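# Residue-level structure breakdown
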Amino acid sequence: MSVLPLVFTSGWASGINAYAVVLLLGIFGATGLSDDVPESLQRPEILITAGVLLLCEAVADKIPYVDSVWDSVHTVIRPAAGAWVGALLAGQSGSLSDLAAGAIGGSTALASHTVKAGTRMAINTSPEPFSNFVMSTAEDLGVAGILTFAMFHPEAAAIIAGVLLLAGLLALFFLISRIRRFLRRRAQRREEKRLAARVGQPPD
């Protein structure tokens, strides 16, 4: 069976929470739930590192504005993780070239990361702080649920991930005005901090 559906689904999930993907796949492989997971993802140091980083993300991702800073840092990390996991899965399966799997996993992760980061920017324009927590929890549960589902029904999970990705891109299009508002506010805060720092400097 082709590993392409699992590569696509793991790429989509990596764009939302790459550390959860690495940890879950490693656990699935280590427990014998899946034979498609390479041994390199099952190594204890990989699982421990992914677990620690997942805890850090679980906290940072639920705090308004901190989540957007975290997303900015992971603009490169998440697509790279999606490409890395995709290439490893392809190498384990042998049904898809490593290069093609890396390109699919990386590009899918970049697309879902763009949806995640853009949606958070829009949410951060809301005055109440609870929407961040709700959205982050929904994303974590979605990644865990769909990735687990992919172990048993990879084609169906890939279809669900594809639908969610398209829906997210469509929603992002309608949220552009709120995203621009968020960027203006962030630029304004930076300018205020810069002016405050200049005022606080002692005269020459």
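Structure: above.
First, a word on what this report is: a plain description of the structure on this page. (Residues numbered from 1 in each chain as written. Predicted model: local features only at pLDDT ≥ 70, side-chain atom pairs only at ≥ 80, totals over all residues. Heavy atoms only, no water.)

## A look at the packing of aromatic side chains
One pass over the structure, following the stated rule, counts one aromatic pair. Taking the centre distance of 5.4 Å and the plane angle of 80° together, the rings of Phe-173 and Phe-174 count as edge-to-face. On the accessibility criterion, Phe-173 (56% relative accessible area) is exposed. With relative accessibility at 60%, the residue Phe-174 sits in the exposed group. (Phe/Tyr/Trp six-rings, centres within 6.5 Å; stacked < 30°, edge-to-face > 60°. Buried < 20%, exposed > 50% of the residue type's maximum accessible area, 1.4 Å probe, protein only.)

## Remarks on the packing of helix α1 (residues 4–30) against helix α2 (residues 44–60)
Interaxial distance between α1 and α2 falls to 9 Å at its minimum, and their mutual angle equals 145°. For the pair α1 and α2, the sense of crossing is left-handed. Of the residues in α2, those in contact with Ile-16, Asn-17, Tyr-19, Ala-20, Val-22, Leu-23, Gly-26 and Ile-27 of α1 are Ile-46, Leu-47, Ala-50, Gly-51, Leu-53, Leu-54 and Glu-57. Considered class by class, the residues forming the contact of α1 with α2 number 11 nonpolar, three polar and one charged. (Axes fitted to C-alpha atoms, helices over the stretch in contact; angles between N-to-C directions. Helix = DSSP H or I, 4+ residues; strand = E, 2+ residues; numbered from the N terminus. Left-handed = near helix turned anticlockwise from the far one by under 90°. Contact = heavy atoms within 4.5 Å. Nonpolar A, V, L, I, M, F, W, Y, C, P; charged D, E, K, R; others polar.)

## Here's the deal with the nonpolar core
Core analysis: the largest hydrophobic core is formed by 30 residues, its most contacted members being Trp-12 and Leu-25. Those elements giving two or more residues to this core turn out to be α1, α2, α3 (66–93), α4 (98–123), α5 (130–152) and α6 (154–174). The leading source of residues in this core is α1, at 12 residues. Residues contacting Leu-25, with those up to four places away along its chain left out, are Val-37, Leu-41, Val-85, Leu-147 and Met-151. Counting residues in each nonpolar core, the second largest holds five residues, with Met-121, Ala-122, Leu-172 and Ile-179 among its members. (Core = buried A, V, L, I, M, F, W, Y, C linked by side-chain atoms within 4.5 Å.)

## Some points on unusual backbone geometry
Peptide bonds are, in most cases, trans, and in most cases residues other than glycine have a negative phi. The phi dihedral of Tyr-65 is positive, around 75°, even though this residue is not glycine. Residue placement: Tyr-65 occurs in the loop between α2 and α3.

## Details of the layout of surface pockets
Looking at the largest pocket, its volume works out to about 310 Å³. Residue lining of the largest pocket: 15 residues in total, with Trp-12, Ile-16, Val-115, Met-135 and Glu-139 positioned closest to the centre. For the lining of the largest pocket, the secondary-structure elements that each account for two or more residues are α1, α4, α5 and α6. No other element matches the five residues that α5 contributes to the lining of the largest pocket. Broken down by class, the residue content of the lining of the largest pocket amounts to nine nonpolar, four polar and two charged. (1 Å grid on protein atoms, 1.4 Å probe; cavity = no way out; pocket = protein on both sides within 12 Å on 5 of 7 lines; lining within 4 Å. Points joined across faces, edges and corners; volume = space filled by probe spheres on them.)

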